[in-house]
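Notes for the structure review
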Amino acid sequence: MADYVPKPEHKFTFGLWTVGSVGRDPFGAPTREPLSPADLVYLLGEVGAYGVNFHDNDLIPIDATPAERKQIITDFRKALENTGLVVPMATTNLFYDPVFKDGAFTANDPRVRAYAFQKTLHAIDLGVELGAKIYVFWGGREGTETDAAKDPVTAIKRTREAMNYFCEYAIDQGYDIKFALEAKPNEPRGDIYNATTGHMLAFIETLDHSEMVGVNPEVAHEHMAGLNFTHGVAQALDAGKLFHIDLNDQAFGRYDQDFRFAMVNIKSAFFLVKLLEDYGYNGSRHFDAHAFRTEDYDGVRDFARGCMRSYLILKEKAEQFRQDREIQALLAEINQDDGAMDQFFGDFTKEKASALKAHPFDRVALAGRGLKYEKLDQLVIELLLGVR
Ligand code: GLT
Ligand code: MN
Ligand code: MN
């Protein structure tokens, strides 16, 4: 039995906005006093996190003076040194300020778009200054309430123009940074463009420097869209585009809940962890979630520890799955292959296609074979429920 203690090699990270959430929601005022960025780093150090991520304005308020900026960065750096935490990822807040009410890169007003570019350039500089190697773009306001207001093709072109511009900027500055695009289907906009990780993966291929751009899928966002998160992540992995991941949890059919990782859908969280571990995902395991509004900062620590602990427990379960004789015997049986069909696969040739067309298949016999997935799935359930 493992001790489930987070270690640097697990690369568990939290955003300043996650443990720093003060419990505000659309219906109610904050329930926690705000902590400074440095204090949040100390809190994360205490619970054993590896890294801390931030939006430009999580760290430096949008209206900070140069002197305030300097002091905040000094305190933040000191907290990083004292705790050993690193900054693997940074991002821009392009959604909170009223100036972004019609979007940032997709806003109809060119002055707003230019301001969004300017803000992003400064934010990339700040992220790089503090060591970030991954830069996330989450376009929460890049959408619309009415399609009368904006041509969706124009919106996509504007997004492409922005990403091409920032890639060139990073190259020009010699920055060692990659970009990760995060999708969400809606909220805060009525609809958000490039609504899912799948949309993002297709969009990335249209960029001038697609090699610099990957995805940052978030559990809650894909679940909001009713999708199987693990499948989306698998597609990103297969494409070499899983640059970052936002772990949290979400009941299907709800607004963005950003719950503690694995709190709601234990089984899908298990398959997700298993996938990440099976394929040796090497990036940050970022918990983009926050504690219930009912909690004080002890509850925030419970929340943060819970995210990491559940991940490690599920990682252990994935290992148990790999070592479980009965499960592995079933999988071997399910995947049995005597090689008789090999002649038909591989690269296409005219001969292979002719041979395949002439081959007699006993369709009824094939369909008649029971696949034992019921048995297999029950074994997984029992493993997860702790009776195996
Ligand atoms: C915001 C959003 C998250 C994004 C963050 C990065 S901001 O909290 O809900 O999903 O990852 O911009
Ligand atoms: Mn997120
Ligand atoms: Mn979310």
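The structure reproduced in this document is the subject of the present report. (Residues numbered from 1 in each chain as written. Chains lettered and ligands numbered in written order. Predicted model: local features only at pLDDT ≥ 70, side-chain atom pairs only at ≥ 80, totals over all residues. Heavy atoms only, no water.)

Concerning the coordination of the manganese ion (ligand 2)
Surrounding the manganese ion (ligand 2) are the protein donor atoms Glu-182 (OE), Glu-218 (OE), Asp-246 (OD) and Asp-288 (OD), which sit 2.0 to 2.1 Å from the metal. Of note is the manganese ion (ligand 2), whose 6 donor atoms meet at the metal with angles of 75 to 165° in an arrangement that counts as octahedral. The metal-metal distance between the manganese ion (ligand 2) and the manganese ion (ligand 3) is 4.6 Å, with Glu-218 coordinating both. You can see Glu-218 sitting in the loop between strand S8 (213-215) and helix H8 (219-224) and its partner Asp-246 sitting in strand S9 (residues 246-247), a full 28 residues away along the chain. On the basis of relative accessible area, Glu-218 is assigned to the buried category, the value being 0%. (Donors = N, O, S within 2.8 Å, 3.2 Å for Na, K, Ca; no water. Tetrahedral: all angles 85-135°; square planar, octahedral: opposite > 155°, others 65-115°. Helix = DSSP H or I, 4+ residues; strand = E, 2+ residues; numbered from the N terminus. Buried < 20%, exposed > 50% of the residue type's maximum accessible area, 1.4 Å probe, protein only.)

Details of the pattern of salt bridges
One pass over the structure, following the stated rule, counts 19 salt bridges. A salt bridge links Glu-187 to Lys-184, with the shortest nitrogen-to-oxygen separation between them at 3.3 Å. Several salt bridges share partner residues, and in doing so they unite Asp-102, Glu-145, Lys-150 and Arg-189 into one network. (Salt bridge = Lys/Arg side-chain N within 4 Å of Asp/Glu carboxyl O.)

Some remarks on the site of ligand 1
Inspection of the region around ligand 1 gives Trp-17, His-55, Thr-91, Phe-95, Trp-138, Glu-182, Glu-218, His-221, Asp-246, Asp-256 and Asp-288 as its neighbouring residues. With respect to ligand 1, the side chain of Asp-246 contributes an N or O atom lying 3.0 Å from an oxygen atom. Separating an oxygen atom of ligand 1 from a side-chain N or O atom of Asp-288 is a distance of 2.9 Å. For ligand 1, the protein covers 91% of the area, taking 310 Å² as the surface of the free molecule. According to the grid-proximity analysis, the pocket containing ligand 1 is the largest pocket. Here the shell around ligand 1 is composed, by residue class, of 3 nonpolar, 3 polar and 5 charged. (Near = heavy atom within 4 Å. Polar contact = N/O pair within 3.5 Å; in protein donor to acceptor, adjacent residues only side chain to side chain. Areas by Shrake-Rupley, 256 points an atom, 1.4 Å probe, with all protein chains shown as cover. 1 Å grid on protein atoms, 1.4 Å probe; cavity = no way out; pocket = protein on both sides within 12 Å on 5 of 7 lines; lining within 4 Å. Sits in = over half its atoms within 2 Å of the grid points. Nonpolar A, V, L, I, M, F, W, Y, C, P; charged D, E, K, R; others polar.)

Brief notes about the pairing of strand S4 (residues 134-138)
Among the 5 residues of S4, 5 are classified as buried, and the element is accordingly described as predominantly covered. Alignment of strand S3 (residues 89-91) against S4, held across 3 bridges, turns out to be parallel. Bridging across to S4, Met-89 finds its partner in Ile-134. Here S4 pairs with strand S6 (residues 178-182) via 5 bridges, running parallel. (Pairing = 2+ DSSP bridges.)

Some points on the packing of aromatic side chains
Each aromatic ring pair is characterised by the separation of its centres together with the angle its planes make. Per the stated rule, a full pass over the model turns up 23 aromatic pairs. Seen in terms of ring centroids, Phe-259 and Phe-292 are 6.0 Å apart; in terms of plane orientation they differ by 90°. Their pairing is edge-to-face. With Phe-259 in the loop between S9 and helix H10 (266-278) and Phe-292 in the loop between strand S10 (285-287) and helix H11 (297-323), this pair connects stretches of sequence that are 33 residues apart. Here Phe-259 falls in the buried class, since its relative accessible area comes to 18%. Taking the centre distance of 6.0 Å and the plane angle of 35° together, the rings of Phe-261 and Tyr-311 count as tilted. (Phe/Tyr/Trp six-rings, centres within 6.5 Å; stacked < 30°, edge-to-face > 60°.)

Brief notes about the pairing of strand S1 (residues 12-15)
Judged by which residues are buried, S1 turns out to be covered on both faces: Phe-12 and Phe-14 on one side and Thr-13 and Gly-15 on the other are all buried. For S1 and strand S2 (residues 51-55), the ladder comprises 3 bridges, and the chain directions are parallel. Looking across to S2, one finds that Phe-14 is bridged to Val-52.

Examining the side chain of Thr-18
Relative to the assigned elements, Thr-18 resides in helix H1 (residues 16-19). Filtering out sequence-adjacent residues up to four positions away, Thr-18 remains in contact with His-286, Phe-287, Asp-288, Ala-289 and His-290. (Contact = heavy atoms within 4.5 Å.)

As for empty space enclosed by the protein
In this approach the atoms are scanned with a rolling probe the size of a water molecule, which exposes any empty space left behind. For the coordinates displayed, the defined rule picks out 2 cavities of 30 Å³ or more. Taken as a whole, the largest cavity encloses approximately 210 Å³ of empty space. Sorting the residues of the lining of the largest cavity by element identifies S4, helix H6 (152-173), S6 and helix H7 (197-204) as the ones contributing at least two each. Split by residue class, the lining of the largest cavity holds 11 nonpolar, 5 polar and 3 charged. The computed volume of the second largest cavity comes to approximately 70 Å³. Lining the second largest cavity are Val-219, His-223, Phe-229, Thr-230, Asn-248, Asp-249, Phe-261, Asn-265, Ser-268, Ala-269 and Leu-272. At 3 residues, H10 tops the list of elements feeding residues into the lining of the second largest cavity. When its residues are assigned to classes, the lining of the second largest cavity shows 5 nonpolar, 5 polar and 1 charged. (Points joined across faces, edges and corners; volume = space filled by probe spheres on them.)

Brief notes about H7
Considered for burial, the residues of H7 that qualify are Thr-197, Met-200, Leu-201, Phe-203 and Ile-204. The arc that holds every buried residue of H7, seen down its axis, measures 165°, which confines them to one face. Packed against the buried residues of H7 are H6, S6, S8, H8 and helix H9 (229-238). (Arc of directions from axis to C-beta.)

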